[in-house]
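Residues per chain are reported as follows:
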Amino acid sequence: MKSIFMKQFYLLISLIFFLFHLGHSQIHEEKTNGFFYKISLAATLTINEDYTINNDDDETLLNPSAFFINNTVGYQFNKRTLLGLNFEYDYHSQQGLHFFPAYLNLQHNIIADDDNIFLRAGYGTLIGLSKDFEKGNLYKVGFGVQIFDDDYRNSSLIGIDFTRKRFGYNNLEGLSSVSIFLEFMLF
């Protein structure tokens, strides 16, 4: 009876040690490839023409003119290159336009170190979800900095994107914007 108890005790201790070792080694391992999810908020700023210096009108020099909310699911191939499928909602308040872009983007880290500096480009379509959303296509180019957490798994990205949208009858209308983005990436 005592030997069965000892065998179970040794088995339990061995299992706990194994799980602790496995969990501990996973925490410090740097992940360089695999699937990720990213959420992004961005805004385009314009200069307020009504702004005057030394005036108490509560006017600001820069006003937001467009807002972007982006969700990305993608795959990171190595430390430098990742590919993402993006679904985004764009609202341009000055023009009163709504867009729902779906596009692929490729990001390449030109400096892959403790923090990455990257370039990225994307191309896709503007989906007409309803009559309020414009149909067409878009492309994006941008650059930014990726700042990692202590475990080098999750990160924050900040940077600038240039976006060009073509829409309307035969995609004859266009809209260009430069936006500042803040993203959070879960690996």
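First, a word on scope: everything that follows refers to the structure included in this document.

About the cut-offs
Residues numbered from 1 in each chain as written. Predicted model: local features only at pLDDT ≥ 70, side-chain atom pairs only at ≥ 80, totals over all residues. Heavy atoms only, no water. Helix = DSSP H or I, 4+ residues; strand = E, 2+ residues; numbered from the N terminus. Buried < 20%, exposed > 50% of the residue type's maximum accessible area, 1.4 Å probe, protein only. Contact = heavy atoms within 4.5 Å. Areas by Shrake-Rupley, 256 points an atom, 1.4 Å probe, with all protein chains shown as cover. 1 Å grid on protein atoms, 1.4 Å probe; cavity = no way out; pocket = protein on both sides within 12 Å on 5 of 7 lines; lining within 4 Å. Points joined across faces, edges and corners; volume = space filled by probe spheres on them. Nonpolar A, V, L, I, M, F, W, Y, C, P; charged D, E, K, R; others polar. Salt bridge = Lys/Arg side-chain N within 4 Å of Asp/Glu carboxyl O. Core = buried A, V, L, I, M, F, W, Y, C linked by side-chain atoms within 4.5 Å. Polar contact = N/O pair within 3.5 Å; in protein donor to acceptor, adjacent residues only side chain to side chain. Phe/Tyr/Trp six-rings, centres within 6.5 Å; stacked < 30°, edge-to-face > 60°. Lys NZ or Arg CZ within 6 Å of the ring centre and 35° of its normal. Patch = residues over 30% accessible without salt bridge, like charges linked within 9 Å, V, L, I, M, F, W, Y side chains within 5 Å. Lys, Arg positive; Asp, Glu negative; His and termini not counted. Charge placed at Lys NZ, Arg CZ, Asp CG, Glu CD.

## What about the overall build of the chain?
Argument step 1. A tally of helices and strands in the chain yields 1 helix and 9 strands.
Argument step 2. Traced from its N-terminal end to its C-terminal end, the chain shows the element sequence α-β-β-β-β-β-β-β-β-β.
Argument step 3. The proportion of buried residues among the 187 residues of the chain is 30%.
Argument step 4. In the chain, once contacts between residues fewer than 6 apart in sequence are set aside, the share between residues at least 24 apart is 53%.
Argument step 5. Surface accessibility of the chain: about 12200 Å² in total, with carbon and sulfur atoms responsible for 63%.

## Observations regarding empty space enclosed by the protein
To locate leftover empty space, one rolls a probe as large as a water molecule over the atoms.
Argument step 1. In the structure shown here, the tally under the stated rule is 1 cavity of 30 Å³ or more.
Argument step 2. The space that makes up the largest cavity amounts to roughly 140 Å³.
Argument step 3. Taken together, 20 residues form the lining of the largest cavity, with Asn70, Tyr103, Arg120, Lys140 and Asp161 sitting closest to its centre.
Argument step 4. Of the residues in the lining of the largest cavity, the class split is 7 nonpolar, 7 polar and 6 charged.

## Points about the pattern of salt bridges
Oppositely charged side chains can form a pair if their charged atoms are brought close together.
Argument step 1. For the structure on display, the rule yields 5 salt bridges.
Argument step 2. A salt bridge links Asp90 to Lys165, with the shortest nitrogen-to-oxygen separation between them at 3.1 Å. Note that Asp90 is positioned in strand β3 (residues 81–92) and Lys165 in strand β8 (residues 155–167), a separation of 75 residues in sequence.
Argument step 3. Residue classification places Asp90 among the buried positions, given a relative accessible area of 0%.

## Side note on the nonpolar core
Argument step 1. One finds Phe36, Ala42, Ala66, Phe68, Leu82, Phe118, Leu157, Phe181, Met185 and Phe187 forming the largest nonpolar core, which totals 10 residues.
Argument step 2. Breaking this core down by element, the ones donating at least two residues are β1 (34–47), β2 (62–76) and β9 (173–186).

## Here we look at the side chain of Gln146
Argument step 1. Here Gln146 lies in strand β7 (residues 136–148).
Argument step 2. On the accessibility criterion, Gln146 (3% relative accessible area) is buried.
Argument step 3. A distance of 2.9 Å separates polar atoms of two side chains, one belonging to Gln146 and the other to Ser155.

## Description of the packing of aromatic side chains
Argument step 1. Scanning the entire structure with this criterion turns up 7 aromatic pairs.
Argument step 2. Relative to Phe100, the ring of Phe87 has its centre 6.5 Å away and its plane inclined at 25°; by these criteria the two rings are stacked. Of this pair, Phe87 sits in strand β3 while Phe100 sits in the loop between β4 (97–99) and β5 (101–111), and the two are 13 residues apart along the sequence.
Argument step 3. Three or more aromatic residues link up through ring pairs in this structure, and these residues are Phe35, Tyr75 and Phe77.
Argument step 4. When the ring centre of Phe68 is taken as reference, the NZ or CZ atom of Lys140 above it lies at 5.8 Å.
Argument step 5. Over the aromatic face of Phe99 sits the side chain of Lys165, whose NZ or CZ is 5.1 Å from the ring centroid.

## Description of the environment of Gln76
Argument step 1. With respect to the helices and strands, Gln76 occurs in strand β2.
Argument step 2. Considered as a pair, Gln76 and Gln107 are 31 residues apart in the sequence and their alpha carbons are 9.2 Å apart.
Argument step 3. Setting aside anything within four residues of it in sequence, one finds Gln76 in contact with Thr32, Asn33, Gly34, Phe36, Thr81, Leu82, Met185 and Phe187.
Argument step 4. Polar contacts involving the side chain of Gln76 include one to the main-chain carbonyl oxygen of Asn78, which spans 2.8 Å.

## Describing a negative patch on the surface
Argument step 1. Judged by side-chain charge, Glu49, Asp50, Asp57, Asp58 and Glu59 come together as a negatively charged surface patch.
Argument step 2. The topology assignment puts Asp58 in the loop between β1 and β2.

Geometric values such as these leave the question of function open.
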